[in-house]
Amino acid sequence: MRRKKRKTEDGSVASSDDVLSDDFQPPVNFIKGRRASVSAEPLSMEDDVTKDRVIHPKTDEQRKRLSAAVKEILIFKSLDQEQREYVLDAMFEKQAASGEKVIELGDNGDYFYVVDSGKLDCYIKVEGEEKKVATYDNSGAFGELALMYNTPRAATIIATEDCVLWALDRQTFRQLVLLTAMKKRLTYETFISSITIFKELDNYERMNLADALQAVNYEAGTAIIKQGDPADSFYIIEKGTCVVKVKDTFSSQHKNEEVEVNCLNKGDYFGELALLHNKPRAATVYAKTDVTLAALDVKAFERLLGPCINIMSRNVTTYEKQLADLFGEVSLEDLRR
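Residues numbered from 1 in each chain as written. Predicted model: local features only at pLDDT ≥ 70, side-chain atom pairs only at ≥ 80, totals over all residues. Heavy atoms only, no water.

A. Main features of the overall build of the protein chain. Along the protein chain, the regular secondary structure elements total nine helices and 18 strands. Put simply, of all contacts in the protein chain between residues at least 6 apart along the chain, 78% involve residues at least 24 apart. With the model as given, the accessible surface of the protein chain reaches about 17100 Å², and the carbon-plus-sulfur share is 48%. (Helix = DSSP H or I, 4+ residues; strand = E, 2+ residues; numbered from the N terminus. Contact = heavy atoms within 4.5 Å. Areas by Shrake-Rupley, 256 points an atom, 1.4 Å probe, with all protein chains shown as cover.)

B. Expanded view of the sheet that holds strand E8 (residues 141–142). Across the sheet, four strands lie side by side as E3-E10-E5-E8; this open sheet has antiparallel pairing. In this open sheet, the two edge strands, each paired with only one partner strand, are strand E3 (92–96) and E8. Running over the sheet, helix H4 (residues 170–193) touches strand E5 (111–117) and strand E10 (163–169) and is turned about 65 degrees from E10. (Pairing = 2+ DSSP bridges. Axes fitted to C-alpha atoms, helices over the stretch in contact; angles between N-to-C directions.)

C. Focus on the packing of aromatic side chains. Under the criterion given, the structure shown has nine aromatic pairs. Seen from their ring centres, Tyr-235 and Phe-270 are 5.2 Å apart, and the 25 degrees between their planes marks the pair as stacked. Separated by 35 residues along the polypeptide, Tyr-235 in strand E13 (residues 233–239) and Phe-270 in strand E16 (residues 269–270) bring together distant segments of the chain. With relative accessibility at 6%, the residue Tyr-235 sits in the buried group. By relative accessible area, Phe-270 is classed as buried at 4%. (Phe/Tyr/Trp six-rings, centres within 6.5 Å; stacked < 30°, edge-to-face > 60°. Buried < 20%, exposed > 50% of the residue type's maximum accessible area, 1.4 Å probe, protein only.)

D. Expanded view of the sheet that holds E16. With antiparallel pairing, four strands are arranged side by side in an open sheet as E11-E18-E13-E16. Edge positions in the open sheet fall to strand E11 (214–218) and E16, since each of these has one partner strand only. Summarising the sheet, E13 and strand E18 (residues 291–297) pair through six bridges and their orientation is antiparallel. Note on E18: the bridge partner recorded for Ile-236 is Ala-294. Each of E11, E13 and E18 is contacted by H4, which is oriented at about 90 degrees to E13, the strand it contacts most.

E. Structural view of the pattern of salt bridges. This structure, assessed with the given rule, holds 10 salt bridges. Across the pair Asp-116 and Arg-65 runs a salt bridge, and its minimum N-O distance is 2.3 Å. Taken together, the residues span a long stretch of sequence, with Asp-116 in strand E5 and Arg-65 in helix H1 (residues 60–70) at a distance of 51 residues. For Lys-101, the salt bridge is made with Glu-104, and the minimal N-O distance between the two is 3.5 Å. The exposure class of Lys-101 is partly exposed, given its relative accessible area of 41%. Where salt bridges share partners, they join Glu-61, Arg-65, Glu-93 and Asp-116 into one cluster. (Salt bridge = Lys/Arg side-chain N within 4 Å of Asp/Glu carboxyl O.)

F. Local environment of the side chain of Arg-206. Here Arg-206 lies in helix H5 (residues 203–212). One buried charged residue, Arg-206, remains without a salt bridge, the closest side chain of opposite sign being Glu-189 at 6.2 Å. (Lys, Arg positive; Asp, Glu negative; His and termini not counted.)

Below, the structure written as structure tokens:
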């Protein structure tokens, strides 16, 4: 079955990247009656997040469904494979009947939820009246903010048809998912603060960028982006060296041979111009050594890097000068033809 994204009140589609910044929180009380209070468990960067492991047995079919349901959830993208397995082990399946309140405004938060199937509506109070602000349609996640910030639920979420959800308990969420995300944010905030182009961002913007970046690894010799391909991501080099090559389509002697035009190292970035201008890639970038990159997908790029766009656009002149030194009077557009 094709999974659908969460929709907002006006019918526009909200991606899973919006989950952390939403107002919407939700879960169900598995213990009858409301909890009187919840105290925030202190988190330390030195905590062993894998101790006291919680395991809820699952069939192969359940495991497959759960893996598919969490694939695009932003907060899970900070986890490495081992941590991801711990989280999947700790989640358990919950059925929600049509009309059931999965979470209720003002309640304390016990669980984080991922939608496997079914539809749910999200309501918040506006001037004393409940207002529907979003619909979860066979995908999405909710309930994280109350667990992260130790605040009451800020929304009510009601199943509008029979649903299957996956629940993760508060302690595991905080000790594994939240702590890992905190460590990732700290690492990336420090990293991007050292890169000149991001000096245009304020602290809040850098924090959001740090949350959205995803580490990807490539072995030496791998083509990371290819000339002529559609653009889908922007990359910053965390570790290693990359080389930029273009096809020599201008000389008859070396027709279509690749020529190296630049070498990139830690802190350098690439892939921005194709995203800025919605054009195919103008060059191929190879991993010269084994590399670790921080990747930002096109939607997050457009949403988060507005203050840097003018600086990035100036790079066109630099790139075209490099091409002119090699081939004479050519432009980036010539490479896209």
